[in-house]
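Working through the structure, step by step
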Amino acid sequence: MRAYDVGGFVVCDGSDLVGTLCDRDIILANASPSEAVDKMIMTLDQSYCFEKHLFIDAQVIMRVRRLNALPIRDLSGRLCGIVTRPLG
């Protein structure tokens, strides 16, 4: 995450959204950097918004659900991006 300067990743199984993994998830799980991405560490909540929604909609979802990363889907339901909170 540090190498790419990102605060979160989308975790998929093929084309199925499994969850998100953020720096906050790693800290709360007290996970070692060498640990595998695991369902016990990542956020399994499959909150998301669609690409047609406004950025404020994504912000509200993230604030209410206390998320650091929110997957974005296109109108067909396919994953097309992610919105993350700024680092630092």
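Residues numbered from 1 in each chain as written. Predicted model: local features only at pLDDT ≥ 70, side-chain atom pairs only at ≥ 80, totals over all residues. Heavy atoms only, no water.

**Details of the sheet that holds strand E5 (residues 79-84)**
- If you trace the 3 strands from one edge of the open sheet to the other, you get E3-E4-E5, paired in mixed fashion. The open sheet terminates on both sides in strands that have one partner only, identified here as strand E3 (49-50) and E5.
- When strand E4 (residues 69-73) meets E5, the two strands line up antiparallel, connected through 5 bridges. Each bridged residue has a counterpart across the sheet, and for Ala-69 the counterpart in E5 is Thr-84.
- Its contacts with the sheet put helix H2 (residues 55-65) on E3, E4 and E5, and the angle it makes with E4 is roughly 135°. (Pairing = 2+ DSSP bridges. Helix = DSSP H or I, 4+ residues; strand = E, 2+ residues; numbered from the N terminus. Contact = heavy atoms within 4.5 Å. Axes fitted to C-alpha atoms, helices over the stretch in contact; angles between N-to-C directions.)

**Looking at the environment of Asp-23**
- You can see Asp-23 is positioned in helix H1 (residues 23-28).
- For the pair Asp-23 and Val-10, spaced 13 residues apart in sequence, the C-alpha separation works out to 12 Å.

**A word on the pairing of strand E1 (residues 8-13)**
- Here 6 bridges tie E1 to strand E2 (residues 16-22), and the two strands are oriented antiparallel to one another. Each residue of the ladder has a partner; that of Asp-13, found in E2, is Asp-16.

**Brief notes about the packing of aromatic side chains**
- Taken as a whole and judged by the stated rule, the model has 1 aromatic pair.
- Ring geometry for Tyr-48 versus Phe-50: centroids 5.5 Å apart, planes at 90°, classification edge-to-face.
- The ring of Tyr-48 carries the charged tip of Arg-73 above its face, separated from the ring centre by 4.3 Å. (Phe/Tyr/Trp six-rings, centres within 6.5 Å; stacked < 30°, edge-to-face > 60°. Lys NZ or Arg CZ within 6 Å of the ring centre and 35° of its normal.)

So, to be careful, I would describe these as geometric facts and stop short of saying anything about function.
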